[in-house]
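# Examining the three-dimensional arrangement
What follows is each chain in one-letter form.
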Amino acid sequence: MHVLISGAGTAGLSLAYWLKRCGFMPTIVESSSTLRMGGYKIDVRGEALTILHRAGIYDAVVAANTDMQAANLVDKCGKVLHQMSGDQFGHRVGDDQEIMRGTLNQILLDQIPEVEIIYGDAIKSITQTTQSVQVEFKNSPPRSFDLLIGADGLHSNVRKLVFGDERNFSRDYDIYLCVYSMPNYLNLDRVEMQYTELGRAASIWCSRNDQTAKACFAFVSSEKIEPRDKVKQQQFVKNKFGDLGGEFPAILNNISETDDFYFDACTQIHMDSWSSGRVVLLGDAAYCASPMSGQGTSLALVGAYVLAGELTIAKDDYVAAYVEYEKIMRPYVDINQALGIRAAKLFNSQKQNKLLGWLIKKLMVILPGYIIEFFIHGATKRIHKAANSIVLKRYW
């Protein structure tokens, strides 16, 4: 079977690896001109680690992990209030691994040198027949495929073309996330500094062997921000955090100079079905749990493994494969999306629950570091349970 995968992210690259290993002929189309190397640090946890072992890349991931040693919780002026280990702060338990998103994608790409990847292009139209999927590209000649997998992220082009407007499936929690690279002028070495209050968090860190630092800002806002206006987004972040002192003004000033800038709403995707005919969705395109869950990468890795496995078992019966893929993944997705919903409600508790918000705010004034650590420990237990809430078949 010749399978077109839209998106060369973690989900798409992982799926291409498993499909190629099982005798399929995958092709990837990626809108970026090269592999996307920017992005946030991400975690691989629970059963997703089993997939790294089965793919033979666990040791490579360990060798390239962030090796974060510590997190310093600071006040508005940058004074250190509390310290935690990197693993504690990152909700990591046992063999859980943290790695930069681009680094993981490069490791996955290195496993599939023979797979065709069409960079700098995107799907313009999709026409399904009883025998194939006819695809028109924006730049390349039209082609025919047996199956089409949309692994093209939260704002999936495939989902829009086949299933309709994103607004029909997205759930917005009025939380925005901004991440960008900047000079490591503080000479941070595998250390993170973070200021946190209800509805707002600001941090800067530098991971192992990284020549730059990463700044991250998360905040609550009911205001809708133009998704393509980078200048307005950057000014909005400056306005939201302009009252912070210490190093934060200098960190914010770097936002206009970066070439590696991410800004988006923390949104979840909920769909009644992830497939239509020969087309199926994978990863954030189908079931984004939002960064608030801490499980997006693990969901992508597990989903790719299960989908490829079920297609292998079903042989030419892709309908049966899609049904089984969804049957296996739904409970796992629901549990992990619930993590994101709970975290979003807590972060936004001043709006969601005024009494709870008032109580947390008071406690954070009295014992800020210990209160944050308390919530982190609780979240770690829930994430660990969710990360291990699926038992993977041994397909090969």
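Now for a description of the structure that goes with this document. (Residues numbered from 1 in each chain as written. Predicted model: local features only at pLDDT ≥ 70, side-chain atom pairs only at ≥ 80, totals over all residues. Heavy atoms only, no water.)

### Observations regarding the sheet that holds strand 14 (residues 200-206)
Overall, mixed pairing links the seven strands, which are arranged 5-4-13-14-15-12-16 in an open sheet. The open sheet is flanked by strand 5 (80-85) and strand 16 (261-269), the only strands paired with a single partner. On average, each strand axis in the sheet is tilted by 20 degrees relative to the strand beside it, whichever way the strands run. (Pairing = 2+ DSSP bridges. Helix = DSSP H or I, 4+ residues; strand = E, 2+ residues; numbered from the N terminus. Axes fitted to C-alpha atoms, helices over the stretch in contact; angles between N-to-C directions.)

### Digging into unusual backbone geometry
Phi is positive for Arg190, close to 60 degrees, though the residue is something other than glycine. Locating Arg190 in the fold gives a position in the loop between strand 12 (170-183) and strand 13 (191-197). One non-glycine residue, Lys315, adopts positive backbone phi at about 60 degrees. Summarising the element assignment, Lys315 is placed in the loop between helix 10 (296-314) and helix 11 (318-347).

### Quick notes on helix 1 (residues 10-21)
Taking 1.5 Å per residue as the helical rise, helix 1 with its twelve residues ought to reach 16 Å, and the 17 Å between its terminal C-alpha atoms agrees with that figure. Most of helix 1 is tucked away: ten of the twelve residues are buried. The secondary structure elements touched by the buried residues of helix 1 are strand 1 (2-6), strand 2 (25-30), helix 2 (47-55), helix 5 (101-110), strand 11 (147-150) and helix 10. Among the residues trailing helix 1, Gly23 stands out with phi positive, at a value near 95 degrees. (Expected span 1.5 Å × (residues − 1). Buried < 20%, exposed > 50% of the residue type's maximum accessible area, 1.4 Å probe, protein only. Contact = heavy atoms within 4.5 Å.)

### A look at the sheet that holds strand 10 (residues 143-145)
On the basis of which strands lie adjacent, the open sheet formed by three strands has the order 8-9-10 and antiparallel pairing. One side of each edge strand has no neighbouring strand; the edge strands of this open sheet are strand 8 (123-128) and strand 10. Neighbour-to-neighbour, the strand axes of this sheet turn through a mean angle of 25 degrees, independent of strand direction. Alignment of strand 9 (residues 133-137) against strand 10, held across three bridges, turns out to be antiparallel. In the sheet register, Gln134 faces strand 10, and the bridge partner there is Ser144.

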